[in-house]
Amino acid sequence: MWPTADPPWAGDALALTGTGSTTHDDASLEAAVSHSPFAASLAEAVAQDAAQARQAMVHRLEEQKTLTDPLLREALLSVQREVLLPRAYVRRDSGYPDPVVFQLLDGAHPQDREEWLELVYSGASVLAQRNGEALEGQVRGRVEGGRITSAASVVSMTVQMLQNLRLRPGLSYLELGAGPGYSAAVAAHVLGAGRVTAVERDSEMVSAAASRLAALGLDVEVVAGEGLDGHRDRAPYGRIGFTFSVPYLPVNVMEQLADGGLLLTHLTADSPSWPGLVTVRKDSGRWEATVRGSRLGHVPVHGYSWVSLHRHKDRVGTEPGRHRAGPLAPPPEEARGFWLALAHLAPGLVRDFSAARLTLIAPREDSWALVGPDRDVEEAGPRPVWDEVCEVWERWERAGRPEEYRLEVAADGRQYVTSSASAAALAWELPTPAASIEDEGERGE
């Protein structure tokens, strides 16, 4: 879900180096508020503030033309996001220190409430869990180090995904990667009781999401399991959606799609910069899959890592580089079919979207290219980054500037993305387990 190089919780400090703490004064204040005569009126005021924030969030989504489905609109206005996200982490450092610094906001605490509620309904991703902790045992306060292990997706991306799935009452829906449960809650409000199955690998998130969804009166089956396995016990499903991106299509999940069904997932390469959106339709027992470039994408499936630019970010543009005139001006953002192809045909590149000039970095090769609208190219390192970009651009133009690609699953399990059947077509293979096994065999011969 990150169009930038790194998600906001990124960092290299994985060891827990500090713990959150609640002071005696904080605890006394909470106790005094919760037992005061004003507790009921305070809770009512918070509920009113949350309802207003919810309405404002929906209004923004409509103004941005993101939200158009009236059923989803009603669901978004009804689902109390604050119940599913009673606490949230925020970054309290200025960049990428070692270790990173987080603060856990507790919506039940008077000192946190305003910032917490604004965050929950900002539409941004909300960081919900750190280091796989038990959610009911979270303690407000500052912590150092560690890593975020679960978050609620950017709301606009959740809306786009559910809207593209064309949810209608009575359909069955499998969601892979339940997280805090917000997307499943919205879907359940549209589809009806018992129609949503949500799979989550983290047992603490399963427990928290299940209890909070029940508190909202929503009948959602939250089960523990690996997202790439789906959930065959309740298959087939009329709709399947992923809340994480995948490097290839998991065929066993595709097999759980009902005839006439629809599956959506984001496709990722080893870069977070240029995701793809995969649409799979099943008709008369046959799958048809297409891929289009997407502005936003979900974080990758557990165990899959992106390249990161943060160790190079401060060096690029400040260290000496080589200057030359390039053959190509920076390609437009809207050429998403090109950027998608670049992610797979020139792997290992990541873009700094905050830079004034087009800035592409190859972290593994310690190389980068900065390109201005006047075609001035500044390069550093051994990898010819801009030459690779220009080559992919030429191939994309020869292929007819495709914006949509076919994704084909071969009988041996290998998967291929192609723009067309012509000789000039753009094509690449996805890194499926079948491809890895064959590649290992070839290297061993």
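Residues numbered from 1 in each chain as written. Predicted model: local features only at pLDDT ≥ 70, side-chain atom pairs only at ≥ 80, totals over all residues. Heavy atoms only, no water.

### Points about the environment of Asp-352
Right, on to step 1. Tracing the chain through its elements places Asp-352 in the loop between β14 (350-351) and β15 (358-362).
Right, on to step 2. Residues Asp-352 and Leu-370, 18 residues apart in the sequence, show an inter-C-alpha distance of 10.0 Å.
Right, on to step 3. Those residues in contact with Asp-352, other than ones at most four positions away along the chain, are Leu-309, Lys-313 and Thr-359.
Right, on to step 4. Within the local environment of Asp-352, its side chain forms a polar contact with the side chain of Ser-354, the two groups lying 2.6 Å apart. (Helix = DSSP H or I, 4+ residues; strand = E, 2+ residues; numbered from the N terminus. Contact = heavy atoms within 4.5 Å. Polar contact = N/O pair within 3.5 Å; in protein donor to acceptor, adjacent residues only side chain to side chain.)

### A few points about the packing of aromatic side chains
Right, on to step 1. Counted under the stated rule, the structure contains eight aromatic pairs.
Right, on to step 2. For the pair Tyr-89 and Phe-102, a centre-to-centre distance of 6.0 Å together with 70° between the ring planes defines the contact as edge-to-face. Note that Tyr-89 is positioned in strand β1 (residues 87-91) and Phe-102 in strand β2 (residues 101-106), a separation of 13 residues in sequence. The residues Tyr-89 and Phe-102 share a single accessibility class, namely buried.
Right, on to step 3. In textbook terms, an aromatic cluster arises when at least three aromatic residues are bridged by ring pairs, as seen for Trp-274, Phe-338, Trp-339, Trp-393 and Trp-396.
Right, on to step 4. We note Arg-81 situated over the ring of Tyr-182; from NZ or CZ to the ring centre the distance is 4.5 Å.
Right, on to step 5. Sitting over the ring of Trp-339, Arg-351 keeps its end group 5.7 Å from the ring centre. (Phe/Tyr/Trp six-rings, centres within 6.5 Å; stacked < 30°, edge-to-face > 60°. Buried < 20%, exposed > 50% of the residue type's maximum accessible area, 1.4 Å probe, protein only. Lys NZ or Arg CZ within 6 Å of the ring centre and 35° of its normal.)

### Regarding the sheet that holds strand β18 (residues 404-409)
For sheets, the rule is that strands pair by backbone hydrogen bonds, running either parallel or antiparallel.
Right, on to step 1. Across the sheet, which stays open at both edges, the 10 strands sit in the order β8-β7-β6-β9-β10-β11-β12-β18-β19-β20 with mixed pairing between neighbours. With one partner strand each, in any of the chains shown, β8 (220-224) and β20 (427-429) form the two edges of the open sheet. Ignoring strand direction, the axes of neighbouring strands in this sheet form an average angle of 20°.
Right, on to step 2. Alignment of strand β19 (residues 415-418) against β20, held across three bridges, turns out to be antiparallel. Each bridged residue has a counterpart across the sheet, and for Val-417 the counterpart in β20 is Trp-428. (Pairing = 2+ DSSP bridges. Axes fitted to C-alpha atoms, helices over the stretch in contact; angles between N-to-C directions.)

### Quick word on the environment of Glu-74
Right, on to step 1. With respect to the secondary-structure elements, Glu-74 resides in helix α3 (residues 70-78).
Right, on to step 2. Among the residues examined, Glu-74 registers a relative accessible area of 46% and is labelled partly exposed.
Right, on to step 3. When the C-alpha atoms of Glu-74 and Val-190 are compared, they prove to be 8.4 Å apart, with 116 residues separating the residues in sequence.

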